[in-house]
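Chain by chain, the residues:
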Amino acid sequence: MAAAPATPALPLLWGRNNLPVPYAARWSAERAAMRGVLTVRPDGRGLAYRDEAPADRDRHGVLWARLTEAQGEGRPDFGSLHTVRQRRAMFDMLCQVCGGPASRTSRGWLFLVQRPETAEESADWPEGLLSTKPPVCEPCAALAARYCPHLTDPVAVRVRKPRVWGVFGGFVVPDADGGLVPSPDDHTLPYGHSAACWFLASQLVIELTRCWSACEPFGMVGA
Ligand SMILES: [Zn+2]
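The residue numbering used here restarts from 1 in each chain and proceeds along that chain's sequence as written. Per-residue local features of the predicted model are confined to residues with pLDDT of at least 70, and side-chain atom pairs are confined, for both listing and counting, to 80 or more; whole-chain, interface and lining totals are unaffected and use all residues. Side-chain metrics rest on all non-hydrogen atoms present in the structure, leaving aside hydrogens and water.

1. Remarks on helix α2 (residues 138-147)
What counts here: Think of it in three bands: with a 1.4 Å probe and only protein chains considered, a residue is buried below 20% of the maximum accessible area for its type, exposed above 50%, and partly exposed in between. Each helix corresponds to a stretch of at least 4 residues labelled H or I by DSSP, and each strand to a stretch of at least 2 residues labelled E; elements are numbered beginning at the N terminus. Each direction from the helix axis to a C-beta atom contributes to the arc, which is the arc of those directions. Should any heavy atoms of two residues lie within 4.5 Å, those residues are considered in contact.
Among all positions of α2, only Cys140, Ala141, Ala144 and Ala145 are buried. With its buried residues spanning 140° around the axis, α2 presents them on a single face. α2 presents Pro139 and Arg146 as exposed residues on the side facing more than 90 degrees away from its buried surface. Looking at the buried positions of α2, the neighbouring elements they touch are β11 (108-114) and β13 (154-174).

2. Focus on the pattern of salt bridges
For clarity, the cut-off: Here a salt bridge means any side-chain nitrogen of Lys or Arg lying within 4 Å of a carboxyl oxygen belonging to Asp or Glu.
Going through the model one piece at a time under the given rule, you end up with 10 salt bridges. With a closest N to O distance of 3.2 Å, Arg115 and Asp153 form a salt bridge. A residue pair is termed long-range when its members are at least 10 positions apart, and Arg115 in the loop between β11 and β12 (129-131) and Asp153 in the loop between α2 and β13 qualify at 38 residues. Its relative accessible area of 32% is what places Arg115 among the partly exposed residues. Residue Asp153 is classed as partly exposed on the basis of its relative accessible area, which comes to 33%. The closest approach of N and O atoms between Glu138 and Arg158, which form a salt bridge, is 3.5 Å. Of this pair, Glu138 sits in helix α2 while Arg158 is found in strand β13, placing the two residues 20 residues apart along the sequence. Beyond isolated ion pairs, a larger network of salt bridges with shared partners links Glu30, Glu69, Arg85 and Arg88.

Pasting the structure below:
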């Protein structure tokens with residue numbers, strides 16, 4: 001007798017219309033703790049927290065933005081990913097919508113990516129594409145394609161080797177008065193970059209490699 005399939009995880013529902021809220025989405029009760037707690041390292045070579053703990057840095061030595069965890073409290077922000085859950089979903093290959101295991105077949109993990117404008121598209125797209133969006137499971141792929149504001153033209157892609165590439169976030173640099181000033185723009189930074197010591201990460205960036213069929217028609221994601 002075949003084993004019963006594992007019960008699929010379900011996304012949290014929110015509001016009068018029972019909108020599915022992605023596992024990785026940030027909620028309004030989840031607060032950043034940034035200003036006043038950052039300082040320059042005693043040797044002057046980069047950022048640190050005044051009360052820094054080992055968990056504040058990843059294994060590449062990059063400092064991460066602090067964000068409290070209160071999933072389900074307040075209002076969901078569908079356009080913003082939670083630092084910790086985004087990272088956890090990437091490392092553990094969890095579905096970004098329900099938080100359960102992402103879909104994996106012999107062709108790789110399932111990702112949904114936005115089809116680029118024609119100018120960007122090359123023959124081997126999406127090979128080498130950088131992404132901050134964790135994978136999905138099959139039931140959630142349809143939900144994400146329907147609700148995700150970033151996916152107006154979604155393409156399902158199987159990825160054999162999602163490779164940790166670097167971080168997304170912003171630079172925080174000292175000013176003339178000895179204070180620290182966050183740069184207004186967001187950046188992606190590869191691990192090993194010489195400026196990483198002045199960077200505050202908020203999301204993990206992976207590179208999609210050994211991708212299968214960028215032209216996979218949506219709806220055939222289980223192939
Ligand atoms: Zn899912």
